[in-house]
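For reference, the chains in residue letters:
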Amino acid sequence: MEWIFFALIGPLFWTISNFLDKYSIEKLTKGIADYAFFGTLGPLLILMGTPLLFEIHTSTWEVMLITGFAGFILNYSYLTYGITLAQTDTSRVVPIFQLRAPFVLIAGTLFLGEFLNGHQLLAFGIIFLGALLLSLDFASLQRPRLTTWSLYALLATVGFACVLLINNYSVANLDVPSVLVYFDTGFLFAAFTYLFYPPWRKQIIEGIKTATWKKVGLFALNDIADETAQLCSKLALVTAPATALVAVTQGIQSLYALIGGVVLTLWFPHIISEQISRRSLLQKFAGAAVVFIGLAILSLS
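Residues numbered from 1 in each chain as written. Predicted model: local features only at pLDDT ≥ 70, side-chain atom pairs only at ≥ 80, totals over all residues. Heavy atoms only, no water.

Engineer: How should I be thinking about the packing of helix 1 (residues 2–28) against helix 4 (residues 61–87) in this particular structure?
Structural biologist: The relative placement of two packed helices is expressed as an angle between their axes plus a distance between the axes. Direction vectors running N to C along helix 1 and helix 4 enclose 75°, while the axes themselves pass 9 Å from each other. Relative to helix 4, the element helix 1 lies roughly perpendicular. Across the interface between the two elements, N18, D21, K22 and I25 from helix 1 touch Y81, G82, L85 and A86 from helix 4. Of the residues belonging to the contact of helix 1 with helix 4, the class tally is four nonpolar, two polar and two charged. (Axes fitted to C-alpha atoms, helices over the stretch in contact; angles between N-to-C directions. Helix = DSSP H or I, 4+ residues; strand = E, 2+ residues; numbered from the N terminus. Parallel < 35°, antiparallel > 145°, perpendicular 65-115°, else oblique. Contact = heavy atoms within 4.5 Å. Nonpolar A, V, L, I, M, F, W, Y, C, P; charged D, E, K, R; others polar.)

Engineer: Looking at this structure, I do not really get the packing of aromatic side chains. What am I missing?
Structural biologist: One pair of aromatic rings is described through two measures. These are the centre distance and the angle between the planes. Scanning the entire structure with this criterion turns up 16 aromatic pairs. On the basis of an interplanar angle of 15° and a centroid distance of 6.4 Å, the ring pair of F69 and F72 is categorised as stacked. Taken together, the residues F69 and F72, both in helix 4 and three residues apart, mark about one turn of the helix. Residue class for F69 comes out partly exposed when judged on its relative accessible area of 48%. (Phe/Tyr/Trp six-rings, centres within 6.5 Å; stacked < 30°, edge-to-face > 60°. Buried < 20%, exposed > 50% of the residue type's maximum accessible area, 1.4 Å probe, protein only.)

Engineer: Is there a simple way to think about a nonpolar patch on the surface in this case?
Structural biologist: Taken together, the side chains of L255, I259, V263, L266, W267, F268 and F285 define a hydrophobic patch exposed on the protein surface, amounting to about 700 Å² of accessible area. The greatest single-element share of the nonpolar patch, amounting to five residues, is contributed by helix 13 (residues 253–267). Position of I259 relative to the elements: it lies in helix 13. (Patch = residues over 30% accessible without salt bridge, like charges linked within 9 Å, V, L, I, M, F, W, Y side chains within 5 Å. Areas by Shrake-Rupley, 256 points an atom, 1.4 Å probe, with all protein chains shown as cover. Salt bridge = Lys/Arg side-chain N within 4 Å of Asp/Glu carboxyl O.)

Encoded structure:
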């Protein structure tokens, strides 16, 4: 049963990474562009180190360009993810990104000729309902409205889903080290395009000039948390009797984010402070629970 340990620990490290992102945006960076640009340090090191450790192979121009384009998409997905975090609580954002799984299924149906059964369609509807519940502003109970940040979250989720699909195509045509090189090349090129927009260029330059070791260290710690989560997820998949069990168990990340938001707000508000009114907590818990039910149906269908 060791897979349960890895399946539970992986989402915990992802949640830590989410809160580190939130703290970085609010306390350490000059803005979203600075956050997204500074986040390229990890991929830059991977791009520089991978050719020293592994032989890098070529493929068709189509495969290499599409792989690089996936990295490009991921960078801008992180940018919109950062915009989302800057506008709302982490515990609201995390469950919405669970829409990634049904988006992948829908894309597979549209472009890869795959078939969606009734249970999968039902699961998508339930997950979308949970995400909608989290996205609405109930300040006015008579007329709840869709929040702006939820549109950015939806855009980022679609981007993450596209990257997952393209990665599956890339690893089927190239070895993993080569995929990493082409992928991170596209990722870094996307960051370079930020410099063509004057307000972002000014923000990035200011962020580099004022960067402290605390900032560098926190981004490094964030990368370690993310990579640890990725490793735990892979170990869970390797040791579990069924992939669906891992997917359902990892849905606990929404609960981790909810608990983390409450703990930080009550005891460490100088680090991160979230909305923890009774109405807000009820909305977050209900939305996360609905998303989890949808994930369970999707994974077991």
